[in-house]
Amino acid sequence: MFEKVDSSLIKRLKKDKVTLTGIFILAILYLAILFAPFIAPYSQTYSDRELSYAPPSKVFTVTSDYKLSRPYTYKYIREFNPKTYSIEYKLDRTKKYYVNFFQKGEDYKLFGFIPCNIHLFEVDKGGEIFILGTDINGRDNFSRLLFGGQISLTIGFLALFISFPIGMLYGGISGYFGGVTDMLMMRFAEAIMSIPSFYLLIILAAVLPSGMSSVQRFTMITGILAFIGWAGFARVIRGMVLSIKEQEFVEASRSIGAGSFRIITKHILPQTLSYVIVAVTLSVPGYILAESGLSFLGLGIQQPDASWGNMLKEAQEYINILSRPWLLTPGFLIFIAVLSFNLVGDTIRDILDPKSKARQ
Amino acid sequence: MNIIAYSLKRTIEAIPLLILVSLISFSIIKLSPVDPLAELKLNPTITAQTLELEKQRLGLDLPFYQQYIHWGWNFLKGNLGVSTSGELVITRLAERIPNTLLLSFTTIFMTWIVGLPLGIYAALNWRKPVDRVLTVLSSVGMAIPSFFFALLLLVFAVKTGWFPVGGLTSVGFENFSLIHKILDVIHHLILPTTVLFTISLAGLQRQIRANLLDVLESDYVKMAKAKGLSENTVVYKHALRNAINPMVTLLGFEFASLLSGAALTEYVFQYPGLGRLVLEAVMKSDINLVMASLMIGSIMLVMGNLIADILLHIVDPRIGGN
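Reading the values: the criteria
- Residues numbered from 1 in each chain as written.
- Chains lettered and ligands numbered in written order.
- Predicted model: local features only at pLDDT ≥ 70, side-chain atom pairs only at ≥ 80, totals over all residues.
- Helix = DSSP H or I, 4+ residues; strand = E, 2+ residues; numbered from the N terminus.
- Buried ≥ 20, exposed ≤ 12 C-beta atoms within 10 Å, placed from the backbone.
- Contact = placed C-beta atoms within 7 Å.
- Pairing = 2+ DSSP bridges.
- Nonpolar A, V, L, I, M, F, W, Y, C, P; charged D, E, K, R; others polar.
- Axes fitted to C-alpha atoms, helices over the stretch in contact; angles between N-to-C directions.
- Core = buried A, V, L, I, M, F, W, Y, C linked by C-beta atoms within 7 Å.
- Parallel < 35°, antiparallel > 145°, perpendicular 65-115°, else oblique.
- Left-handed = near helix turned anticlockwise from the far one by under 90°.
- pLDDT = per-residue confidence, 0-100.
- Expected span 1.5 Å × (residues − 1).
- Bend = angle between axes of the 7 residues up to and from the residue.

**Looking at the overall build of chain B**
- For chain B, the count of helices and strands is 14 helices and zero strands.
- If you list the helices and strands of chain B from N to C, you get α-α-α-α-α-α-α-α-α-α-α-α-α-α.
- Counting only C-alpha atoms and orienting by the principal axes, one finds that chain B spans roughly 80 × 55 × 40 Å.
- The buried share of chain B, taken over its 322 residues, is 37%.
- A fraction of 74% describes how many contacts in chain B between residues 6 or more apart in sequence connect residues 24 or more apart.

**Thoughts on the overall build of chain A**
- Of regular secondary structure, chain A possesses 13 helices and four strands.
- Seen through its principal axes, chain A has C-alpha atoms that stretch 85 × 45 × 40 Å.
- When the 360 residues of chain A are sorted by exposure, 40% land in the buried category.
- Relative to all contacts within chain A whose residues are 6 or more apart in sequence, the contacts with residues 24 or more apart total 68%.

**Re helix H8 (residues 248-256) of chain A**
- Where burial is concerned, little of H8(A) is hidden: zero out of the nine residues are buried.
- Following H8(A) by one or two positions, A:Gly257 has its phi on the positive side, about 105 degrees.

**Quick word on the pairing of strand S3 (residues 86-110) of chain A**
Residue and element names in this part refer to chain A.
- Burial runs low along S3: only two of the 25 residues are buried.
- Relative to S3, strand S2 (residues 68-81) is paired through nine bridges, and the arrangement is antiparallel. Note that in S3 the partner of tyrosine 76 across the bridge is leucine 91.
- Linking S2 to S3, which pair antiparallel, is a turn of four residues; within it tyrosine 85 sits at a positive phi near 55 degrees.
- Two strands pair when backbone bridges link them, and S3 and strand S4 (residues 114-123) are joined in this way by eight bridges, in the antiparallel orientation. Looking across to S4, one finds that glutamine 103 is bridged to histidine 119.
- Counting the residues in the hairpin turn of S3 and S4 gives three residues, including phenylalanine 111, whose phi is positive at 55 degrees.

**Points about the interface of chain A and chain B**
- Contact with chain A, which involves 38 residues of that partner, is made by 40 residues of chain B.
- The element contributing the most residues to the side of chain A that touches chain B is helix H6 (residues 197-207) of chain A, with eight residues.
- Here the side of chain A that touches chain B is built from residues that sort into 29 nonpolar, six polar and three charged.

**Observations regarding the sheet that holds S3(A)**
Residues and elements named next belong to chain A.
- With antiparallel pairing, the four strands of this open sheet are ordered in space as S1-S2-S3-S4. Strands with a single pairing partner mark the edges of an open sheet, and in this sheet they are strand S1 (59-62) and S4. Across the sheet, the axes of successive neighbouring strands diverge by a mean angle of 40 degrees, strand direction being ignored.

**Let's talk about the environment of A:His267**
Residues and elements named next belong to chain A.
- Within the fold, histidine 267 resides in helix H9 (residues 260-268).
- With 249 residues separating them along the chain, histidine 267 and valine 18 place their C-alpha atoms 36 Å apart.
- If we ignore the near neighbours within four places in the chain, the residues touching histidine 267 are Phe249, Val250 and Ser253.

**With respect to the environment of A:Leu200**
All names here are of chain A.
- Locating leucine 200 in the fold gives a position in helix H6.
- Using a count of 23 C-beta atoms within 10 Å as the deciding quantity, one classes leucine 200 as buried.
- Counting along the chain gives 25 residues from leucine 200 to leucine 225, while the straight-line C-alpha distance between them is 9.9 Å.
- In this structure, leucine 200 is in contact with Ile195 and Ile228, ignoring residues within four places of it in sequence.

**Examining the nonpolar core**
- A:Leu201, A:Ile202 and B:Val278 are the most contacted members of the largest nonpolar core, which has 155 residues in total.
- Sort the elements by how many residues they give to this core and helix H4 (residues 141-177) of chain A lands first, with 14 residues.
- When neighbours within four sequence positions are excluded, A:Ile202 is seen to be in contact with A:Leu294, A:Leu297, A:Leu299, B:Val278, B:Leu279 and B:Val282.

**Comments concerning the packing of helix H2 (residues 17-34) of chain A against H4(A)**
Residues and elements named next belong to chain A.
- Between H2 and H4, whose axes approach to 8 Å, the crossing angle comes to 115 degrees. Judged on the interaxial angle alone, H4 and H2 are roughly perpendicular. As H2 packs across H4, the resulting crossing turns out to be left-handed. On the side of H2, the interface is formed by Leu29, Tyr30, Ala32 and Ile33, while H4 contributes Leu146, Gly149, Gln150 and Leu153.
- Considered class by class, the residues forming the contact of H2 with H4 number six nonpolar, two polar and no charged.

**Notes on the packing of helix H8 (residues 178-216) of chain B against helix H10 (residues 231-244) of chain B**
Residues and elements named next belong to chain B.
- Axis separation between H8 and H10 bottoms out at 9 Å; the angle between their running directions is 130 degrees. Viewed along their axes, H8 and H10 adopt a mutual orientation that is oblique. For H8 against H10, the interelement crossing comes out right-handed. Note on element contacts: H10 touches H8 through Ala239, Leu240, Asn242 and Ala243, opposite Ile208, Asn211, Leu212, Val215 and Leu216.
- For the contact of H8 with H10, the class distribution of residues is seven nonpolar, two polar and no charged.

**A word on unusual backbone geometry**
- Cis rather than trans, the peptide bond between A:Gln303 and A:Pro304 has omega equal to 0 degrees.
- Residue B:Gln270 is not a glycine yet carries a positive backbone phi of 55 degrees.
- Along the chain, B:Gln270 falls in the loop between helix H11 (247-269) and helix H12 (274-283).
- Here B:Gln270 falls in the partly exposed class, since 14 other C-beta atoms lie within 10 Å of it.

**Some thoughts on the confidence of the model for chain B**
All names here are of chain B.
- Residue-level pLDDT values for chain B average 82, and 96% of them are 70 or greater.
- When the elements of chain B are averaged for pLDDT, helix H14 (residues 317-320) gives the smallest value, 64, and helix H5 (residues 89-124) the largest, 88.
- Model confidence for the complex: the whole-complex pTM is 0.85, and ipTM, which rates the interface, is 0.82.

**Overview of H8(B)**
- Here H8(B) spans only 48 Å end to end across 39 residues, well under the 57 Å set by a 1.5 Å rise per residue.
- In H8(B), a bend of some 40 degrees at B:Ile190 exceeds every other bend along the element, and B:Pro192, a proline, comes one to four places later.

**Some remarks on the environment of B:Leu183**
- By secondary structure assignment, the location of B:Leu183 is in helix H8.
- Residues B:Leu183 and B:Thr169, 14 residues apart in the sequence, show an inter-C-alpha distance of 9.9 Å.

Set out below in structure tokens:
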């Protein structure tokens, strides 16, 4: 039965150009964050304090006497403009720094364990290249986008891996046993759902003790995101279990003498799988948005670790956005990632959920 | 009579739910390592007497369950304690709740005014280019992070100078004439409403489209068509009414998600709403204020759902039966 679903799924996905684009974009994004330390010319903590809010480096391929050349860039020099009372950046045209591909640079560990120091691109020693400008601390925006993506694009999935099994089991137990158990369990789930989710999110995040390591913080934020999501999901599963448990195959396994836990996990819950797959794909964007919102407020992932949300924090002052539009790039990336997930999720729902078949 | 009995039953059912909510919120707050009086002690304008009262009100030296009962009883009496700013929590909440309701209702109103016709139009032009375009547009609307969109609009406001940058009222609002006051508030509401509207519009338009498509497939619509009724009569008299009924439940959901979703938008636009109040309270670890606004938020959410359910009961006679 599963093979059938799978082959029709792939066939349908191949036909749908919009969905294919979504999958393509997601593939690029995930490959980029997987190879982030290789693609990024700098580490996420590399900073040049002299160059805070430097605009994107200009890369030239045509020299001043109109000849084609290897791509090169100039260094920025910071100047104070006494007329406007502002810092301005000018190109120091005295020395060219060539862009080199597959060059040695800062050491890093690919996939977290392979020691390596080759980068996709680097400039000659002494020069710096910031293709998307720098932030307040003079850190490379492009590199931080890649490292931030590692957090922003994975935290949602991790939270799902916690909240969905819990939701399934909770809904399964509640629906299967029924009666008082069901009543109590559902009232608890409803109570969680009755607290406006964003309020709950920020309050839980604020309760976290300060001074945690970044790994601890990441884990806790994941846990909090998972805590918000499970209740609504458990309720739907419970509704499905109520009707599944009346079917004959459940009766049959009970008569063989299978225990309740076994019946719930082995016989009933697998029946909800197509709904679960749809719900998972449609939930990922919500988690990505929740994490970025939390970090945007300064309650999620903390500096110096990058996440798309906390990078946008600097764009909160509109003076910043007006003169430094490159600070908005994380917002566009969140938008693109969420949009792609939505498009792919919609298509998967149309295929796996027969009720909606008439609609697409 | 039936409606009244039903409403009463639902209201009574909501009470244990809210008690449970308060217990959960209370436990979460108690998990926090923050001393609830620490911030109050730092504020020199708060007298030692107020502090002592606060200590008694919270019953800080009592065991957990007694503290909870203490807090609950005070909450019912409307005694919500003092905020770290020295004001009463209840006055701060009273300032903010109407603003949040204003923003939510304007958004819901706008969403329905625009979303309903768009949903119908898409359903009637099913699978035609217009429908496809609307589907893609609604995907785009759903994918924009609210705070990011709010930031972009803020830049727009600063660049063009057409809209005020944040807040709800201009300087000197008290001295404006009534009409001027109303216009001023509307002027301030446009941008935050646009953000929330864009995000909730997409969901509503899709839902109406899907519901209407479902209803158009049903037997009684086919029957009505077979009788030779005109297309318009079939759609607007028979199909639409039944497609909209389930949407009434969505009103409750929409209100709930607005309460949550508005927080970030309020924060970016410096809009004096409940969401921003919670945020500020959380950041200043103003425990009294956090606890009270959490409860008020939940009560508003539960009431929103309750009203939606009762409305559904009124508009859909099929549900009234059981």
